[in-house]
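Structural overview for review
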Amino acid sequence: MPIFTRYVTTELLKIFLTALLVMTLLLALGIGAREGISRGLPPILVMRMIPYLLPEILGITIPIAVLLAVSQVLGRMSGSNEIIALRAAGLSPSLVVRPTIIFAFFVSLFTVWTYDLAATWGRPGARRVVVESVEQIAYGMLRTRKSYSSQKFSLVVKDVIGKRLISPIITIQVQPETPAITLTAEEAELFTDRKAGALTIVCRKPVARIEGQATMTLPETYWYTIPFDSPAEPLHRDWLAMSEIPAAIRKLGADAEQLKLLLAEADASPEQRQTWRDQLHSLELQIRKLQTEPYRRWANGFSSLCFVLLGCPLAMYRRSENFLSIFFLSFLPIVIVYYPLLMLANGLTSSGTLPSFGFWIANLGIAIPGMVLLYWYCET
């Protein structure tokens, strides 16, 4: 590797890793605190969740850290007349630009991989921490709010002493189609069995009432087990690796074909046919989102490279060692052009108005002007 290329790459890597570490840490703590407050998680569970949040957070912080590194290194080189010295020696500024773009290219590939990691490891892991920690979460909320609710059960208590729930009213709704069960007791306790994947409620002197039926007196000590929720949604695009998406599309496509056959052949009531149409529409929308998901991840991942294509010429044109002014100068068109185009492309491609590669519109919106500026700067 030539000395100058090694010098530029080393400087970029130092600033990039420092900025990435600081921004990722701050964002992880902020998101962890928000999740902890909204879900009633104790601090120890928030710390357990943070590693699973990192892949998704890196998708946000990496492009900004790359732009910050480029603004710092190229701005300093331009401000200290190192670029002018290159020209005076008969060399092109592309000697500085080339390693910067190569560096951003490999960082972009890494960013694409983090999206897959977030889908297959990060989100399922964070959800598993929350699901398996329902006992601690419930106790935390019961101590502060005297109530707790989830999809399968809710609890209201008069007081909490240690692990004892005083005068609890427990409403259990395991399945939406089954009647709710309401348990009242003198005391109750919660226990988590992670191996069995369930939460157990132990009631003392309970009375049960099933919705629409008579009240029943139960044994003096009554155990009720509630299985944990499934830890993932395997056919949702946010929970699939790109390699798993084709199989998911085929499965949903087969379900859609079955519904089309039912609509074409079955002698059903208008209400049933409308239900099938709604289900078919939902499946087609889900299939469309899965088909566009690889394009979305690649486009979002390569935003780092596009940011650099714009940031390089602006940093060199600015000729200032104040990297913050260069960073904000580069980030302004990204805020004005890139993010609005990204939201527009997301809506139009997911609805089918634009083809799947429409996700690259936002990238091209800043990459093309950046490449034009780079050409002018390096060739003039």
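As shown above, the structure is provided for reference.
Notes on the structure follow. Predicted model only: the values in this text are computed from it and were never measured.

Spatial strand order, 3-4-7-8-11: 5 strands in an open sheet with antiparallel pairing. Among the strands making up the open sheet, the edge pair consists of strand 3 (159-161) and strand 11 (221-227). Direction aside, the axes of adjacent strands within the sheet are offset by 25° on average. Of the strand pairs in this sheet, strand 3 and strand 4 (residues 164-166) are connected by 3 bridges, and their pairing is antiparallel. Directly across from I161, in strand 4, lies its bridge partner R164. Lying on the sheet, helix 5 (residues 134-145) is in contact with strand 3, strand 4, strand 7 (187-193) and strand 8 (198-204); it crosses strand 7 at an angle near 150°.

Attention now goes to the side chain of R296. Structurally, R296 can be placed in helix 7 (residues 270-301). Side-chain polar atoms of R296 contact the side chain of E293, separated by 2.8 Å.

We now examine the nonpolar core. Counting residues in each nonpolar core, the largest one holds 62 residues, and the members touching the most others are F16, L74 and I334. The leading source of residues in this core is helix 2 (residues 43-79), at 12 residues. Not counting the four nearest positions on each side in its chain, F16 is found in contact with I62, A65, V66, A69, F103 and V107. The next biggest cluster of nonpolar side chains, apart from the first, holds 39 residues, and it includes L45, I57, L142 and F228.

Another point: the packing of helix 6 (residues 245-265) against helix 7. Axis separation between helix 6 and helix 7 bottoms out at 9 Å; the angle between their running directions is 160°. By the criterion of interaxial angle, the relationship of helix 6 to helix 7 is roughly antiparallel. Along this stretch, helix 6 crosses helix 7, giving a crossing that reads as left-handed. Split into classes, the residues belonging to the contact of helix 6 with helix 7 amount to 14 nonpolar, 4 polar and 6 charged.

What counts and what doesn't
Residues numbered from 1 in each chain as written. Predicted model: local features only at pLDDT ≥ 70, side-chain atom pairs only at ≥ 80, totals over all residues. Heavy atoms only, no water. Pairing = 2+ DSSP bridges. Helix = DSSP H or I, 4+ residues; strand = E, 2+ residues; numbered from the N terminus. Axes fitted to C-alpha atoms, helices over the stretch in contact; angles between N-to-C directions. Contact = heavy atoms within 4.5 Å. Polar contact = N/O pair within 3.5 Å; in protein donor to acceptor, adjacent residues only side chain to side chain. Core = buried A, V, L, I, M, F, W, Y, C linked by side-chain atoms within 4.5 Å. Buried < 20%, exposed > 50% of the residue type's maximum accessible area, 1.4 Å probe, protein only. Parallel < 35°, antiparallel > 145°, perpendicular 65-115°, else oblique. Left-handed = near helix turned anticlockwise from the far one by under 90°. Nonpolar A, V, L, I, M, F, W, Y, C, P; charged D, E, K, R; others polar.

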